[in-house]
There are 2 protein chains.
Amino acid sequence: MQGVYNKIGLFGFGCVGHGLYQVLQAAQDAPFLIHKVCIRDATKERPVHDLEFTTDKESLLYDPAIKIIVELTSDPDAALEIVTTALRNGKSVVSANKKMIAEHLPLLQRLQEQYGTSLLYEASSAASIPIIRNLESYFNRDNILCIQGILNGSTNYILHRMFTEQCTYAAAFAEALQSGFLEADSDNDILGYDSRFKLSILSAHAFGRYISPEQIWCRGIQGITKEDAHFAQRHGYVIKLIAGAKRSAIGIHADVAPHCIPVGEPLAGVHYADNGIQLESAFAGLQFFKGTGAGGIATGSAVWSDISAVSEGYRYRYAKKQVALPVGIPDVARGPEEEPPLLQDTLLRVYIRYTGGSFIPEELFEEIEEVFTRGATSYCIGTAQISALQHTNILQDDRVCILVLP
Amino acid sequence: MQGVYNKIGLFGFGCVGHGLYQVLQAAQDAPFLIHKVCIRDATKERPVHDLEFTTDKESLLYDPAIKIIVELTSDPDAALEIVTTALRNGKSVVSANKKMIAEHLPLLQRLQEQYGTSLLYEASSAASIPIIRNLESYFNRDNILCIQGILNGSTNYILHRMFTEQCTYAAAFAEALQSGFLEADSDNDILGYDSRFKLSILSAHAFGRYISPEQIWCRGIQGITKEDAHFAQRHGYVIKLIAGAKRSAIGIHADVAPHCIPVGEPLAGVHYADNGIQLESAFAGLQFFKGTGAGGIATGSAVWSDISAVSEGYRYRYAKKQVALPVGIPDVARGPEEEPPLLQDTLLRVYIRYTGGSFIPEELFEEIEEVFTRGATSYCIGTAQISALQHTNILQDDRVCILVLP
């Protein structure tokens, strides 16, 4: 190799770290070089032999030859320390740690401003799909009304298997685990937390409004059975775990929950471990993005695109904060000039199924449309306030399934 | 209105020009102002009253207060003169004229370099979908293997109506005309020329290889009947007009033709006048984009995004020209270091249907898989070289339909 390289200090060498290495290897002429790799366990066998591994993080963070720090660890606390130290040292930073970014975005924004440095994190939100970049640099003068996405590849894989091959939840789960799609802590995926972190990040770029993860109502795919899949199929739906935020004249509502999506709609066509995002904006109208939602090389390619951009001085502007709301087209785009409030409550149309009893949780519903009972299984369809769903105990019961209906 | 504005000189005030005006009106705080509008016909009634209209193009092109020229005329010759004069005068330019850009891209690139100015033209290729921007600034270090798109909203509308409401071609055509989707010269849409211009532009950004429109084999949707739609439906396909370019180890192949797309594939789900694009790249994998493919406001929003970017100094880099091909992932990504050649010929699997006779055009096929005759209608399925299809007379016959099969 010849020429002048931007030297990269890489933290972490798991699936995405290795993917980034493969991408950089394959793209011979890229002016980037992984200078050192900081890992936690020096004794672990590594699949490559031409990199310098170390456990001494200071030797990366304080090396003046390293201009770009790439943080791809799995530990959010370690990631926060690495990223904030690197920003304070004037280094450009690329990270994929959704939990760390979602939980500390206001601090990370402040540090970038204060130290005149740049932090990019495209790979944190929808793997290979360039959603943050498009929100930041293309739709920055449009007015986003709604963003809805399938942001978690592993749960989408499980749901896809339950629908297309009539797998049970348990069998699909075991398969996702074996394929390496599920995170070490699978609750993060299954209970929807991973999607919630990503929605928190995307909301900041879509609406200029930071919503911390714990402010977002979140329900995962636990409790969904083949019976629920059949219900959905009979009604022309597929079940998808949707993370969505919607802006109205009175504020922003955000939630994560399994939704029944009508067959034929774009998000219903996101299969296997893919990710998909639908944007609705005042001017560009409906936009849909779909891409690979898992895998080291696809996610590594997003990291690589960020490395390339950060080396050229690109930075997020969180531009929505400075843009006033358009008026007129369409009317729903109107809103107050100040930061839109986060709506604590909203009315959802839901299906609640319970097995092993025949109780109807009437107190949950504002209005009940339909009640069905066969044997030990019953379901209700009706409208409910999120606050009611949040405070009920019955959703803790793993014999209960809840799906949001259109 | 207060504040400092970038003054825009606008050429043309048709559907997109008016859409841009509406978008700028709606986005109160945008630091842009349409200073003057040059139109051809001063006597025509205009839907707005707060703009200065003129027929004197010099008064825009040589006004030092105007820093940005936006060219939205329907006349490619006039557009070329406007855009090249503006670039030579050091102005930033935004254009949506696909024919002019596709036919003169090498000149336009040279002028940008020579005069240090920038020409952006996102709205020329897929209306509201930010495909050029993503190829330029996000996938610029990836290696695009294939780009395939539904790039013409009006023909997609016609095909959609033929499939979903069993319209005849003639009825669907009349409806598209009435809805204002078809261009003044409808042959441009129907015969595939519009898609071909767009593919020419996208190829330059995807592969760093300019392919002039006339080098691209092109077949439109003329000749498709309800019988062909039924054939497709029986086999689980929908018919879509696809513009596609594919890179292999030996070069690039590009063509425009109606394809049978299996139901469930992303491009099969592009309905009405929408546009959709599928990218296959070495690292990011499969990416899919869908968005509004027609309409003044959606297309105007792309122009607006370009105006905003150009005012900040953004310019296309045609970056693929400088990037060597990656090796290794996957093997098909490998290729020669120099500019890839344009392949003159390629083998396609096709369906050819003819009504009113019972001849089989055996000479067209390398291999015939299937022949079917009922009454006055026959079809053949087999593989054929593009060169054979290019030189046959039978495709001039409007009783003949050709579809590319998977």
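Quick caveat: nothing in here was measured; it's all calculated off a predicted structure.

Calculation notes
- Residues numbered from 1 in each chain as written.
- Chains lettered and ligands numbered in written order.
- Predicted model: local features only at pLDDT ≥ 70, side-chain atom pairs only at ≥ 80, totals over all residues.
- Heavy atoms only, no water.
- Helix = DSSP H or I, 4+ residues; strand = E, 2+ residues; numbered from the N terminus.
- Rg over C-alpha atoms; globule rule 2.2 N^0.38 Å.
- Buried < 20%, exposed > 50% of the residue type's maximum accessible area, 1.4 Å probe, protein only.
- Areas by Shrake-Rupley, 256 points an atom, 1.4 Å probe, with all protein chains shown as cover.
- Least-squares fit on C-alpha atoms with pLDDT ≥ 70 in both.
- Contact = heavy atoms within 4.5 Å.
- Salt bridge = Lys/Arg side-chain N within 4 Å of Asp/Glu carboxyl O.
- pLDDT = per-residue confidence, 0-100.
- Phe/Tyr/Trp six-rings, centres within 6.5 Å; stacked < 30°, edge-to-face > 60°.
- Arc of directions from axis to C-beta.

Draft legend 1. Examining the overall build of chain A more closely. Across its full length, chain A carries 13 helices and 16 strands. Taking 22 Å as the expected radius of gyration for a compact globule of 406 residues, we find that chain A reaches 22 Å, a close match to that expectation. The principal-axis extent of the C-alpha atoms belonging to chain A is close to 70 × 50 × 35 Å. Within chain A, the proportion of its 406 residues that are buried is 60%. As displayed, chain A has an accessible area near 15,600 Å², and 49% of this comes from carbon and sulfur atoms.

Draft legend 2. Molecular detail of the relation of the copies chain B and chain A. For the match of chain B to chain A, the screw axis carries a shift of 0.0 Å, the RMSD comes to 0.0 Å, and the turn is 180°. Put plainly, the chains are arranged around a two-fold axis. Residues of chain B ranked by C-alpha distance from the rotation axis are headed by Phe289(B), positioned 2.4 Å from it. Mapped onto chain A, 100% of the interface residues of chain B are again interface residues, and the two copies thus contact each other with one and the same surface.

Draft legend 3. Spotlight on the pattern of salt bridges. By the definition in use, this model includes 25 salt bridges over all chains. For Asp397(A), the salt bridge goes to Arg399(A), with nearest N and O atoms at 2.8 Å. Of the charged contacts, one joins Glu165(B) and Arg161(B) as a salt bridge, the two residues approaching to 2.4 Å between their closest N and O atoms. A relative accessible area of 17% places Arg161(B) in the buried class.

Draft legend 4. Summary view of the confidence of the model for chain A. Residue and element names in this part refer to chain A. In the predicted model, chain A carries a mean pLDDT of 91, and 94% of its residues have values of at least 70. Scored below 50 in pLDDT, residues 322–336 makes 39 contacts in the model with residues more than four places away or belonging to other chains. Of the two predicted TM-score estimates for the complex, the pTM is 0.93 and the ipTM is 0.92.

Draft legend 5. Broad picture of the packing of aromatic side chains. Applying the stated rule across the entire model yields 28 aromatic pairs over all chains. Ring geometry for Tyr314(A) against Tyr316(A): centres 6.1 Å apart, planes inclined by 90°, an arrangement best described as edge-to-face. For Tyr316(A), a relative accessible area of 4% corresponds to the buried category. When the ring of Tyr351(B) is compared with that of Tyr379(B), the centres are 5.1 Å apart and the planes differ by 40°; the resulting orientation is tilted. Placement of the pair is Tyr351(B) in strand 13 (residues 347–355) and Tyr379(B) in strand 15 (residues 377–385), with a sequence separation of 28 residues. Comparing Tyr351(B) with Tyr379(B) shows no difference in burial state: the two are buried. In textbook terms, an aromatic cluster arises when at least three aromatic residues are bridged by ring pairs, as seen for Tyr121(A), Tyr314(A), Tyr316(A) and Tyr318(A).

Draft legend 6. Structural detail: helix 8 (residues 169–178) of chain B. All names here are of chain B. Among all positions of helix 8, only Tyr 169, Ala 172 and Ala 176 are buried. Axial view of helix 8: buried residues confined to an arc of 70°, hence all on one face. Seen from the open side of helix 8, the exposed residues pointing more than 90 degrees away from its buried face are Ala 170 and Gln 178. Its buried side turned inward, helix 8 meets helix 7 (153–164) and helix 9 (187–190). Trailing helix 8 by a residue or two, Gly 180 shows a phi angle of about 80°, which is positive.

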